[in-house]
Amino acid sequence: MLCKVCGAQIPDDSTKCEFCGATMENGEITENEIDETKVIDTEEIKEIEEQDSETVKDEKDEIFDDNERRRREQMQRMMENKKKQLSEIERRRNEKRVKQKRNRIALIALICAVAVAAAGYGTYYLLQNINTENNIAVTPTPSAAVSLVTPTPSVEPTPTQSPTLNMTPAPNTNTNTASQSGQSWSAIGSASSSGSSSSGGSSSSGSTGSSSSGSHSSGSALSSGSSSSGGNSSGSVNSVVANAKASGISSANIVSQLSVGGEVIYNTGTGRYLMTFVTGNIKYYANVSPGSTTEQIQYKPYTITAAPTSETYNGNTVYEISSMTNYSGNDYVLENSGTRLLTDSDIRGMSKHDLALARNEIYARHGRKFQTAEYRNFFSSKSWYKINPNYNYSDDNSNLNSIETKNVQFLLNAERR
């Protein structure tokens, strides 16, 4: 049967509508229940459904809008973060570029400063070394084994200009120049240091001599004697000078030989003055300046380097002196180190420092330039020391006579003990 309230189909024996809840008694609805029961109109249901649909739609739209807003906010934050990151990257790049630019400028400035300093130093070095000898870096040290004879250097061109030896006495035109008392003589060639200078004697340079070794031995006359102090030596030296053989016509070079001064004579044939000196018991002739006297050189020890010329005197070759070292004088650490072999008694009590000074003094006599400040200052204070612009730095011992070479080794061995 049909419910009279809601019109729903219900079983015939039902007492209550399952749909609207109306109670049925004998097929009739009670009044109370009729009053409480309300029949829902279909239009109303549609309206309610439409309202519900609109509400749901509004709710959905609101949820979508909220999600969209959040998405947009998130995208905005992401864009801002990205911009910040890009800005930070650009800032770091700019800082790196600025730093690299500063570094390049600093490097260029440093290179320029080094170039200017090098140019300045080079200019200073050139100015300091114009017309001077080569600088040598170290103090000479002889080899462990010293030859018993003077080494034989390579041959150099024969000099063409005579060394000028300045003397204080006036010229004398006599064949045998008279002695003049009270005068001391100091002379060097261009390849040696000066001797002991005194009372107006001075030195000047001569030409460069040839350096090949001659056939004569070193001055044996002084190998065991002592250094002359300016007066005449007695005994064997006088006899050696008097009995020396003439050199004759010779083409041999005299290389750093210990010699004894003889006499000064006037060559009437050439109008020049000649000096005689004895090396290895052979008498040689060499050109000197006017004003030289026999008394100034006689019996005094020298180390002489000379080369033969085309001139002759009484059948003997005339030499040009390029190096002449005088041992007369004082103010030496070891005065006799150039004229006789040293012994242990000569160096007893000397410190290693004094031994080093004595060893370098041998080189200083020949005009060696020292780069070590201590030696340079020490020898510069000596009256006899003068730098030799033609000193042979490639072989220090070639500037020495044979006695000096042995004494250098003797002193070096004493330093090492």
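Residues numbered from 1 in each chain as written. Predicted model: local features only at pLDDT ≥ 70, side-chain atom pairs only at ≥ 80, totals over all residues. Heavy atoms only, no water.

1. So, the overall build of the protein chain
Reasoning step 1: Within the protein chain, the secondary structure is distributed over 8 helices and 8 strands.
Reasoning step 2: Intrachain contacts of the protein chain at a sequence separation of at least 6 include 68% that bridge at least 24 residues.
Reasoning step 3: Just so you have it, the protein chain exposes about 23100 Å², and 51% of that area is on carbon and sulfur atoms. (Helix = DSSP H or I, 4+ residues; strand = E, 2+ residues; numbered from the N terminus. Contact = heavy atoms within 4.5 Å. Areas by Shrake-Rupley, 256 points an atom, 1.4 Å probe, with all protein chains shown as cover.)

2. Examining helix 8 (residues 402–416)
Reasoning step 1: The terminal C-alpha atoms of helix 8 lie 22 Å apart, and with 15 residues this matches the ideal 21 Å at 1.5 Å per residue to within 8%.
Reasoning step 2: Counting buried residues in helix 8 gives 12 out of 15 residues, a clear majority hidden from the surface.
Reasoning step 3: Sitting at the amino-terminal end of helix 8 is asparagine 401, which places a side-chain oxygen 3.0 Å from the backbone nitrogen of isoleucine 403. (Expected span 1.5 Å × (residues − 1). Buried < 20%, exposed > 50% of the residue type's maximum accessible area, 1.4 Å probe, protein only. Polar contact = N/O pair within 3.5 Å; in protein donor to acceptor, adjacent residues only side chain to side chain.)

3. Description of unusual backbone geometry
Reasoning step 1: Of note in this structure, asparagine 281 is not a glycine but carries a positive phi near 65°.
Reasoning step 2: Among the secondary structure elements, asparagine 281 is positioned in the loop between strand 5 (272–279) and strand 6 (282–288).
Reasoning step 3: With phi around 65°, tyrosine 299 is a residue other than glycine that occupies positive phi space.
Reasoning step 4: Within the element layout of this structure, tyrosine 299 appears in the loop between helix 4 (294–297) and strand 7 (301–313).
Reasoning step 5: The exposure class of tyrosine 299 is buried, given its relative accessible area of 14%.

4. Let's talk about a nonpolar patch on the surface
Reasoning step 1: Residues Leu107, Leu110, Ile111 and Val114 make up a contiguous nonpolar surface patch of about 390 Å² in total accessible area.
Reasoning step 2: With respect to the secondary-structure elements, leucine 110 resides in helix 2 (residues 42–129).
Reasoning step 3: The exposure class assigned to leucine 110 is exposed, which follows from its relative accessible area of 52%. (Patch = residues over 30% accessible without salt bridge, like charges linked within 9 Å, V, L, I, M, F, W, Y side chains within 5 Å. Salt bridge = Lys/Arg side-chain N within 4 Å of Asp/Glu carboxyl O.)

5. A closer look at the environment of leucine 355
Reasoning step 1: For leucine 355, the location among the structural elements is in helix 6 (residues 352–365).
Reasoning step 2: The contact partners of leucine 355, leaving out residues within four places of it in the chain, are Ile347, Met350, Leu411, Ala414 and Glu415.

6. Here we look at the nonpolar core
Reasoning step 1: Ile347, Phe370, Phe379 and Leu411 are the most contacted members of the largest nonpolar core, which totals 23 residues.
Reasoning step 2: Looking at this core, the element that brings in the most residues is helix 6, giving 7 residues.
Reasoning step 3: Non-local contacts of phenylalanine 379, meaning those with residues more than four positions away in its chain, are made with Leu357, Asn360, Glu361, Ala364, Phe370, Trp384 and Tyr385.
Reasoning step 4: Membership of the second largest hydrophobic core comes to 17 residues, among which are Tyr273, Ile282, Tyr319 and Ile321. (Core = buried A, V, L, I, M, F, W, Y, C linked by side-chain atoms within 4.5 Å.)

7. Brief notes about the packing of aromatic side chains
Reasoning step 1: Across all of its chains, the model carries 13 aromatic pairs by this definition.
Reasoning step 2: Considering the side-chain rings of phenylalanine 277 and tyrosine 284, the 5.6 Å spacing of their centres and the 20° angle between planes classify their relative orientation as stacked.
Reasoning step 3: Its relative accessible area of 0% is what places phenylalanine 277 among the buried residues.
Reasoning step 4: Plain terms: the ring middles of phenylalanine 379 and tyrosine 385 are 6.2 Å apart, the flat faces sit at 40° to each other, and that makes the pair tilted. Judged on exposure class, the residue phenylalanine 379 and its partner tyrosine 385 are both buried.
Reasoning step 5: Through a chain of ring-to-ring contacts, the aromatic side chains of Tyr332, Phe370, Tyr375, Phe378, Phe379, Trp384 and Tyr385 assemble into a single cluster.
Reasoning step 6: The positively charged end of arginine 365 is found above the aromatic ring belonging to tyrosine 332, 4.3 Å away from the centroid. (Phe/Tyr/Trp six-rings, centres within 6.5 Å; stacked < 30°, edge-to-face > 60°. Lys NZ or Arg CZ within 6 Å of the ring centre and 35° of its normal.)

8. A look at the confidence of the model for the protein chain
Reasoning step 1: A residue-level look at the protein chain finds 69% of positions with pLDDT of 70 or above and a mean pLDDT of 73.
Reasoning step 2: The weakest mean pLDDT in the protein chain belongs to helix 1 (residues 31–36) at 49; the strongest belongs to helix 8 at 93.
Reasoning step 3: Counted against residues more than four places away or in other chains, residues 131–139, with its pLDDT under 50, gives 20 contacts.
Reasoning step 4: Counting contacts from residues 142–234, a segment whose pLDDT is below 50, to residues more than four positions away or on other chains yields 260 contacts. (pLDDT = per-residue confidence, 0-100.)

9. Digging into the pairing of strand 4 (residues 254–267)
Reasoning step 1: Within strand 4, 13 of the 14 residues are buried, which leaves it mostly tucked inside the rest of the structure.
Reasoning step 2: Relative to strand 7, strand 4 is paired through 5 bridges, and the arrangement is antiparallel. By the bridge assignment for strand 7, leucine 258 is matched with threonine 303.
Reasoning step 3: As paired strands, strand 4 and strand 5 are joined by 6 bridges and run antiparallel to one another. Bridging from a neighbouring strand, glycine 261 pairs with phenylalanine 277 of strand 5. (Pairing = 2+ DSSP bridges.)

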